[in-house]
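# Summary of the model geometry
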Amino acid sequence: MKITSSTASPAATPAPRLRVRLRHSGPLLALLLLIGFNALITPNFLSMQTLSVNITQVATIAIVAMGMTLVIATGGIDLSVGAVMALAGAIVPLIFLSSAGQDFPLIMTLIAIIAALGVATLCGLFNGMLVSRFGVQPIVATLILFISGRGLAQVLTNGNLQTFDNPMFEYLGAGRLLGAPIQGWLVMLIAAIAVFVVSRTRFGRYLLASGGNPRAAELAGVPVARVRMIAYTLCALLAGLAGMISVAINSASDAARNGQLMELDAIAAAVVGGALLQGGRAPFIGVIIGAAIIQLVRYTLLANGVPDEVALIVKAAIIVAAVYLQSLRGGH
Amino acid sequence: MTTLVRRHIADHGQSTGVMIGVLLLILLGTLRYDNFASLYNLSSFLNYNAMFVLITMGMCLVIMTGGIDLSVGTVAALSSVTAAGFSAHGLEVALPVGVLTGLAAGALNAFMIVIMRIPPFIATLATLLAAKGTALVISDARTVPVDWASNFTQLGMNNVAGWLPWSMLLTVVVGIALWLLVEHRPLGRVMLAAGDNEDTANLMGLSSGWARTWAYVICGGCAGLAGVFLASGFGAGQPLEGLGWELTAIASVVVGGTLLTGGRGSIPASVAGALMLGLIFNLLNFENGLGTFNLSAYWQMVIRGAFLFIVILLQVKITRPLAGD
Amino acid sequence: MQPLLDIQGVRKQFGKTLALEDARLTIQRGEVHALIGQNGAGKSTLIKVLTGVHQRDGGDITFNDQPCLFSRPAQAQEAGIATIYQELNLVGLRSVTENIVMGREPRRLGGFIDWKRAHQQASDILAGLGVDIDVRRPLEEYSTAIQQLVAIARAVSRDAMLVIMDEPTSSLDESEVLQLFEAIRRLQQRGTAVLYVSHFLDELFEICDHVTIMRNGAWVADHAISDTRKAVLVADMLGKDVNDIETHGATDFGGALEPVGELLFEARDIATRRHLRCASLQVHRGEIVGLAGLLGSGRTEVARAVFGMDALSDGQMSLEGGSYRPVNASAAIHQGIALLAEDRKREGIVADLSVRENLTLSILPSLCKGVQIDHEAERKLVEHYIEALQIKVSDMDQPIRELSGGNQQKVLLARWLATEPQLLILDEPTRGVDIGARQEIQRIIQDYRAQGGAVLLISSEFDELIEGAHRVVVMHEGRSIDTLNNPGLTESTLVAALSGGQPPTSDDGRGMQKASVRPSTSRETQA
């Protein structure tokens, strides 16, 4: 070890620091380039209108992606987020459209929201239980709800499109605060809490340790199983919230389509934002930037007359490029 | 000695269990429903499930090497579009076109995973999106009708000897070839070794990168062929199909007793897993037909998920005692 | 005759780190040649350069009269060099046969593997090495020793001219070592040369013909084994004068052993499902109790049970007079038990986290104000330990993976000392650590003990036990079979006890009063 230890002394320190900064600045640089490109090319890009359209679109992805980041930080993955969105999105109108909902709109809307979040939480507990107590691989464990969660939502609604007119609930999708869409504020609030939790609290430290080396963390007294359980639960809770937002935006709940492919977008945003699939990292700000990149690429192409389908291919290229650059920079 | 017995159960118990399960389900269907054992049901069941059996076998190869392929569904959709596009030239052109489409997608996966060292989950996720995008672009987001005048639809609609669909016959041929590959060819053994421990396999002088490349390429080829069946059987290229197929395939492999950790895997058991999931669907349809209770199509998804859950719980029960050794 | 292998002036650089500077190695046909050196001396790098895992940056390698430059392990194997690595050996899920023949399977018409002939070949080769097992079973069902012999069989099947063995005996028990040596002699009879890398110097005198010593990435010396003695080898490895080594010990334990305090921990007839059958031991405050035994004797299993990792299937434990039954590691930590695990990489560090985050991982609850971590208090605590244990870091936010093994170990020790444990369990605390850091770690342990801490020390290093422990509990096949008192402990009593035989009485008068005057070279006298 003699030779290596000598290089680990002060002379070598600038390198890792620089690497850390690069890791965070990569996605940001890409986002700025995209914005700059659009400002030059896309007509009417720099308008409040465009901004709020994009914020509305990016918010659901960002919220789910932050939950996904928690799970990825533990070294896991959650394929069921889209299905949980559908489930939560189906339950809300189901409750406030019922006869009791017509009689007591205010209370029942609140109850509906709580019930939807409660069901989402249960889904998360189910995933977390399978992964942390039974030791089932995350892909397989969350596959169960991926398959049956959406089916359950469709069973509940009989496969019908539920349209509604409930201003209070729709505020979640269409409301504005200080001129900006409410979801944008929600994303910032969640991100602020998430960053605080990861950098400042015991749970955050435990999360990174459990993902980085679960065995060592366990032996150091870290309650790894509980940390995983919490991560999956929070992820499902956030997915439930996103499911409600997307239903509120449309004033309609379609269990067949709500949140479809969201697991892919969320994973893509997390990875582009700098999360490592093997765990141990939770870069929330980067992940929001990642979600913004994915949304903005789609918007850029659409606004310039390139069909949505091509955007899929571009999205694929971005994901591959992001991971490839990450691996080149030597994150193991 | 008891460890050996338990290990044997862990190794082969579930595969055997699944095969017995398939037989029991068939027996149940035959006894309970009048038309279950009919030639019509048999051939339509085999025809419909040929696609899923194919992608399951491809997935099994990839999982054996310790990887995963999320792109099989959309690659099949893309192949259905390209094959349908060439259907006017007849099966002898359209089939190779469809399979080549799949092989190309598999090669792309292999390139990203083996050369660029991108994790399989991410690389094949990208291919999933790209294949879907490409399929939508070249089909203009519409189904692509096949040329009914050509012999293209025979593959997906005609039977040999009145009951065995051509699609299933081809699938069986592919299955036997893959089984031989895995059990009796060095390449297949290297796939297993690479899935067990890639570094070790390399240190042993085995070209595990080469083996993994082949696994993804073959998996892509299987998806391509499944796409040809899709276009041929439904009379149109289906750019929007295939979503969720990858997970059905993974579920089938898992039900067949193969863990996602790599280094193990059995083609026949995975096929049995796929057939079992298909049979459950088939039986539920018959049950609905009986009218004792009526389950909507949505329930079937729920039941599939619940079934997967039960299988996983059983797996945990069987493999858990071993973990303590 | 030309030597089989001749390496001259080989250089290898990793980034800015010079791993090999002037490596030399000459091996004759059919000889068993030892390669020794401390950790970081460059042995593993040299082997990897030789076998094509790494490419050299300079120097010449001639093998079998051909200049060679292997770019892949497969090329080296083709040329006749087989390597048996310490860990990553073979593929455990595949059968023994496959592990031997894979890559050169006997084929039938059509290119299909001829399994019948493959099994036959595998059994024949194994029989030639004196091994008779069912070759159809997955390799993972067999012991490490058998797996190693299978690896040798693979080399034989390739007609290897040179077999490289990296620490082959580090996880074998005594009879298995004999079996391995037998296989090596048979290899030698076939004219195969063996490059034997080992930490256990005694073995070299039993099995090797020549020895080459490396230090700091460079060749230091080579000797015919018959012309040298152990002290010379140790001196060469450390870069010290032979006479120095012979008068002073190589470890920093020692000084007068002070009287111990009251009883802290007691285990009575404990057993778990993990090869622990029946063990009893006591640890007092201010006492270091050694736990000695061969690999697989149940030493580590005792630690696992005390630390709550394995549930007891029988027996009782008590702590401070009360009953003690931890359900998991967390519970054990709460009761003031700490375990420095043997496998630093897998069970110790979280590589991507910083030194600070690793150090405070076990005491986070006490560093929290409300839900927040008190960063001020955290930094202070970390600073304190970096200074007290002389941990060499550029700053406390440096990722721990950038530290040397010895410094990582110190961070982990600090992690546990910060929990202020009553009982500190150390599983091979100085393994894989260079000699300077080793002495410092031993000093830290002594300081902790001097302040009233109790230590359970698992070690394969006799010096460490003899010089450091008040008493040594001897484990054999899952049972504690004896307790040896110190002073009075000698290497011969330990050796006798470890092998499970009746040890000579520990207070036979020949024991040393002061451990530190005992020369560590007493091992040579056995060789």
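Presented here is a report on the structure given in the accompanying data block.

Thresholds applied
- Residues numbered from 1 in each chain as written.
- Chains lettered and ligands numbered in written order.
- Predicted model: local features only at pLDDT ≥ 70, side-chain atom pairs only at ≥ 80, totals over all residues.
- Heavy atoms only, no water.
- Helix = DSSP H or I, 4+ residues; strand = E, 2+ residues; numbered from the N terminus.
- Buried < 20%, exposed > 50% of the residue type's maximum accessible area, 1.4 Å probe, protein only.
- Pairing = 2+ DSSP bridges.
- Contact = heavy atoms within 4.5 Å.
- Buried area = accessible area lost by both parts, 1.4 Å probe.
- Nonpolar A, V, L, I, M, F, W, Y, C, P; charged D, E, K, R; others polar.
- Polar contact = N/O pair within 3.5 Å; in protein donor to acceptor, adjacent residues only side chain to side chain.
- Salt bridge = Lys/Arg side-chain N within 4 Å of Asp/Glu carboxyl O.

Take the overall build of chain C next. The helix and strand tally for chain C stands at 20 helices and 22 strands. Each of the 527 residues in chain C was classed as buried or not, and the buried ones make up 57%.

On to the pairing of strand E3 (residues 32-36) of chain C. Residues and elements named next belong to chain C. Summarising burial for E3: five of the five residues are buried, a large majority. Neither face of E3 is left uncovered, since the one carrying Val32, Ala34 and Ile36 and the one carrying His33 and Leu35 both have all their residues buried. Where E3 and strand E8 (residues 193-197) come together, four bridges link them in parallel fashion. Each residue of the ladder has a partner; that of His33, found in E8, is Leu195. With four bridges connecting them, E3 and strand E9 (residues 210-215) associate as parallel partners. Within E9, the position partnered with His33 by the bridge is His210.

Of the residues lining the interface, 39 residues belong to chain A; the matching set on chain B comes to 38 residues. A combined buried area of about 3500 Å² lies between chain A and chain B, and 87% of that area is made up of carbon and sulfur atoms. Residue assignment for the side of chain A that touches chain B shows that the elements contributing at least two residues are helix H6 (105-132), helix H7 (138-157), helix H13 (262-272) and helix H15 (308-328) of chain A. Residue classes in the side of chain A that touches chain B are distributed as 27 nonpolar, nine polar and three charged.

In this section: the side chain of Thr212 of chain C. Residues and elements named next belong to chain C. On the secondary structure map, Thr212 appears in strand E9. Of the residues examined, Thr212 reaches a relative accessible area of 0% and is grouped as buried. Among the polar contacts made by the side chain of Thr212, one reaches the side chain of His33 at a distance of 2.6 Å. Apart from residues lying up to four places away in sequence, Thr212 is in contact with Arg24, Leu25, His33, Ala34, Leu35, Ile36, Trp219, Ala221 and Asp222.

Time to look at the interface of chain B and chain C. In this complex, chain B contributes 23 residues to the contact, which on the side of chain C involves 28 residues. Taken together, the two surfaces of chain B and chain C that pack against each other cover about 2300 Å², and 59% of this comes from carbon and sulfur. It is Arg189, Leu203 and Met204 of chain B that lose the most area in chain B upon contact with chain C, and together they represent 29% of the buried surface on that side. There are one salt bridge connecting chain B and chain C. Taken together, the connections running from chain B to chain C amount to eleven residue pairs in polar contact (both at pLDDT 80 or more). Mapped onto the side of chain B that touches chain C, the elements with two or more residues apiece are helix H1 (2-32), helix H7 (166-184), helix H8 (186-196) and helix H9 (198-203) of chain B.

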